[in-house]
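Listed here are the chains, written in short residue letters.
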Amino acid sequence: MMTIKTADFVCSSVKAAQCPPTQLPEYAFIGRSNVGKSSLINRLTGRNRLAKTSSTPGKTQLINHFLINNAWHLVDLPGYGYAKAPKTSRRQFAGIISEYINHREQLTLLFVLLDCRLEPQAIDLAFINQLGDAGVPFALVFTKADKLSADKLQRRIAHYKEVCAETWDELPPVFVTSAETGAGRDALLAYIETINNQKPSSLR
Ligand code: GTP
Ligand code: MG
């Protein structure tokens, strides 16, 4: 099991060219505003205030790099699809996100976070389809699992998989997590460790 020995904030960037100029593998968290990206990064690292969280959507506004065990980066991205954000800032976030995804070569895998309480949302499905078309490796991460009973959670995830299966031949890896209870933490870290241990040629 992977131990997090160090987790340090490196920098905030607005574009890929400003991100740390290392070749370390990088795992980014993306998803709708308020889905729990920053909270999950804090839970994974065991550092409560590493990434800034807020009950108000739109908290994370830049590409934030965190160096883990001096060996790989976790990246906290702005959320997409916050309807109440001014159009200009929504467009800016979308620009920051797509520029990062399309140009950051060190990006090894994108974790797409989904609120387990919600029906599959058009904006998430569209985003995931774009990733598939662009050949960006990703995994699905359901968040806030503590908000549902075990039974309801099972049904929600099964339903989500069914909806995905209508469009895709292959289901990406799926994780079920809670930043509140720490559920799914070990599985996510183990998955990252597995990829880190693969040959660098597996980078795109
Ligand atoms: P933006 O940076 O605005 O895009 O949001 P984000 O996706 O980083 O969400 P953030 O981590 O800031 O969390 C948003 C809200 O959801 C906060 O009030 C968190 O406390 C809450 N939250 C996040 N994860 C969980 C979880 O697993 N369980 C519960 N119950 N609440 C959570
Ligand atoms: Mg955030």
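Residues numbered from 1 in each chain as written. Chains lettered and ligands numbered in written order. Predicted model: local features only at pLDDT ≥ 70, side-chain atom pairs only at ≥ 80, totals over all residues. Heavy atoms only, no water.

Student: For this particular structure, what's the right way to read the coordination of the magnesium ion (ligand 2)?
Tutor: The reference angle at a metal is 109.5 degrees if four donors form a tetrahedron and 90 or 180 degrees if six donors form an octahedron. For the magnesium ion (ligand 2), the full set of protein donor atoms is Ser38 (OG) and Thr60 (OG1), at a range of 2.0 to 2.2 Å. Of this pair, serine 38 sits in helix H1 (residues 37–45) while threonine 60 sits in the loop between H1 and strand S3 (63–68), and the two are 22 residues apart along the sequence. Take serine 38: its relative accessible area is 7%, and that puts it in the buried class. Judged by its relative accessible area of 9%, threonine 60 is buried. (Donors = N, O, S within 2.8 Å, 3.2 Å for Na, K, Ca; no water. Helix = DSSP H or I, 4+ residues; strand = E, 2+ residues; numbered from the N terminus. Buried < 20%, exposed > 50% of the residue type's maximum accessible area, 1.4 Å probe, protein only.)

Student: Mind showing me how you'd approach the packing of H1 against helix H5 (residues 185–196) here?
Tutor: Relative orientation and spacing of two packed helices are given, respectively, by the angle between their axes and the distance between those axes. Between H1 and H5, the least distance of the axes is 10 Å, while the angle of their chain directions is 80 degrees. Considering their axes alone, H1 and H5 lie roughly perpendicular with respect to each other. The segment H1 lies against H5, with Leu40, Arg43 and Leu44 engaging Arg185, Leu188 and Leu189. Of the residues in the contact of H1 with H5, the class split is 4 nonpolar, no polar and 2 charged. (Axes fitted to C-alpha atoms, helices over the stretch in contact; angles between N-to-C directions. Parallel < 35°, antiparallel > 145°, perpendicular 65-115°, else oblique. Contact = heavy atoms within 4.5 Å. Nonpolar A, V, L, I, M, F, W, Y, C, P; charged D, E, K, R; others polar.)

Student: It is not clear to me how helix H3 (residues 122–134) should be interpreted in this structure. Could you clarify?
Tutor: Two residues of an α-helix separated by three or four positions point the same way, owing to the 3.6 residues in each turn. For H3, with 13 residues, the first-to-last C-alpha span of 18 Å sits near the 18 Å given by 1.5 Å per residue. All buried positions along H3 are accounted for by Asp124, Phe127, Ile128 and Leu131. Projected down its long axis, H3 carries its buried residues within an arc of 95 degrees, all on one side. Along H3, the residues that are exposed and aim more than 90 degrees away from the buried face are Ala122, Gln130 and Asp133. (Expected span 1.5 Å × (residues − 1). Arc of directions from axis to C-beta.)

Student: Even after reading the chapter, I still don't get the sheet that holds strand S5 (residues 107–115), so can you show me in this structure?
Tutor: Note on sheets: strands pair through backbone hydrogen bonds, and any given pair is parallel or antiparallel. Strand order in the open sheet formed by 7 strands is S1-S3-S4-S2-S5-S6-S7, with mixed pairing between adjacent strands. A strand with exactly one partner marks an edge of an open sheet, and here the two such strands are strand S1 (7–13) and strand S7 (174–176). Shown here is a sheet whose adjacent strand axes are inclined to one another by a mean of 25 degrees, direction ignored. Docked against the sheet, H3 engages strand S2 (26–31), S5 and strand S6 (138–143), running at close to 165 degrees with respect to S5. (Pairing = 2+ DSSP bridges.)

Just distances and angles here, no functional claims.
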